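Per-entry structural report
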Amino acid sequence: MNIPFFKIGHRGAKGHAPENTLLSIQTALDMGVDMIEVDVHTCLTGEVVVIHDAKLERTTNGHGYVRQKSLEYLKSLDAGGGQRIPLLTEVLDLVDKRANVNIEIKGKFTIGPVAKVIRHYIKEHGWTYEHFIVSAFTRHKLKKLAKIDPNIRIGALLAYRPFGFVDFARKIGAHSVHLNAHLANPRIIEQAKKAGMKVYVWTVNRLEDIKRLKDYGVDGIFSDFPDRL
Ligand code: G3P
Ligand code: MG
């Protein structure tokens, strides 16, 4: 998709439905998003599941670490309003190429399994590498991503300390930099664009901030309310 500005649904449409659930993703699709962002971990039995935190307490009625639980246990939990924790594959089946998908790596030992899922959907279900961005915060994970499959588009996430970051992202061949809204000033945006990367900003919900960032010329915005973009 060659779109001038990407409307990106954050954790689906977190402002309208329980985050990172199929309902949230369907809501984002209904709002006409160009891309959907989801957070992923690998669970004990090896599947990639869509949930933000390493622990279950905040978003489900379960307890403990996602990585120490079987898929069977995770599937028994309520992730809000009767929704279940989805598998990454269930998200991709629902989206079915109607939007791009930004998979944010949260968990340990998750990069390899995510790359496997992406390659499977490219080979068997008509997806392309252009449908995906895989992002992460830590430089360690980003370097690993760059090594695992050079075709996978990397999104370099930045929460704080911007010094040297654009250079680092360019060196590892990142497709895009994903800036925390408080770091998104015209200088860093221009620097990233000059280095050939897209600039996406998270998480922006206020109309005046959305307008200001659009005026700065960012390539996309993550919002809990993608209908505002
Ligand atoms: O990927 C953008 C944004 O989701 C990063 O922060 O904590 O919401 O995953 P977080
Ligand atoms: Mg995220």
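Just so it is clear, the structure is predicted and the values come from calculations on it, not from any experiment. (Residues numbered from 1 in each chain as written. Chains lettered and ligands numbered in written order. Predicted model: local features only at pLDDT ≥ 70, side-chain atom pairs only at ≥ 80, totals over all residues. Heavy atoms only, no water.)

Section: the coordination of the magnesium ion (ligand 2)
Binding of the magnesium ion (ligand 2) to the protein goes through Glu37 (OE), Asp39 (OD) and Glu104 (OE), at separations of 2.0 to 2.1 Å. Look at where the donors of the magnesium ion (ligand 2) fall in the sequence and you get E-x1-D-x64-E. Within this pair, whereas Asp39 is found in strand E2 (residues 35-42), its partner Glu104 is found in strand E4 (residues 100-105), the two being separated by 65 residues in sequence. (Donors = N, O, S within 2.8 Å, 3.2 Å for Na, K, Ca; no water. Helix = DSSP H or I, 4+ residues; strand = E, 2+ residues; numbered from the N terminus.)

Some thoughts on the packing of aromatic side chains
Scanning the entire structure with this criterion turns up 5 aromatic pairs. Judged by centre distance (5.6 Å) and plane angle (80 degrees), the rings of Phe137 and Trp202 are edge-to-face. Taken together, the residues Phe137 in the loop between strand E5 (132-136) and helix H5 (139-148) and Trp202 in strand E8 (residues 198-202) connect sequence positions 65 residues apart. Judged by its relative accessible area of 31%, Phe137 is partly exposed. Overall, Trp202 belongs to the buried group, its relative accessible area being 16%. Between Phe165 and Phe168, the ring centres sit 6.3 Å apart and the planes meet at 45 degrees, which makes this aromatic pair tilted. Of this pair, Phe165 and Phe168 both sit in helix H6 (residues 165-171), 3 residues apart, which is roughly one turn of that helix. As far as burial versus exposure is concerned, Phe165 and Phe168 are alike and both buried. These aromatic residues form a ring-pair network of at least three members: Tyr121, Trp127 and Phe132. The positively charged end of Lys214 is found above the aromatic ring belonging to Phe5, 4.8 Å away from the centroid. For Arg228, the ring lying beneath its charged end belongs to Phe225, and the centroid distance is 3.8 Å. (Phe/Tyr/Trp six-rings, centres within 6.5 Å; stacked < 30°, edge-to-face > 60°. Buried < 20%, exposed > 50% of the residue type's maximum accessible area, 1.4 Å probe, protein only. Lys NZ or Arg CZ within 6 Å of the ring centre and 35° of its normal.)

Structural measurements only, silent on function.
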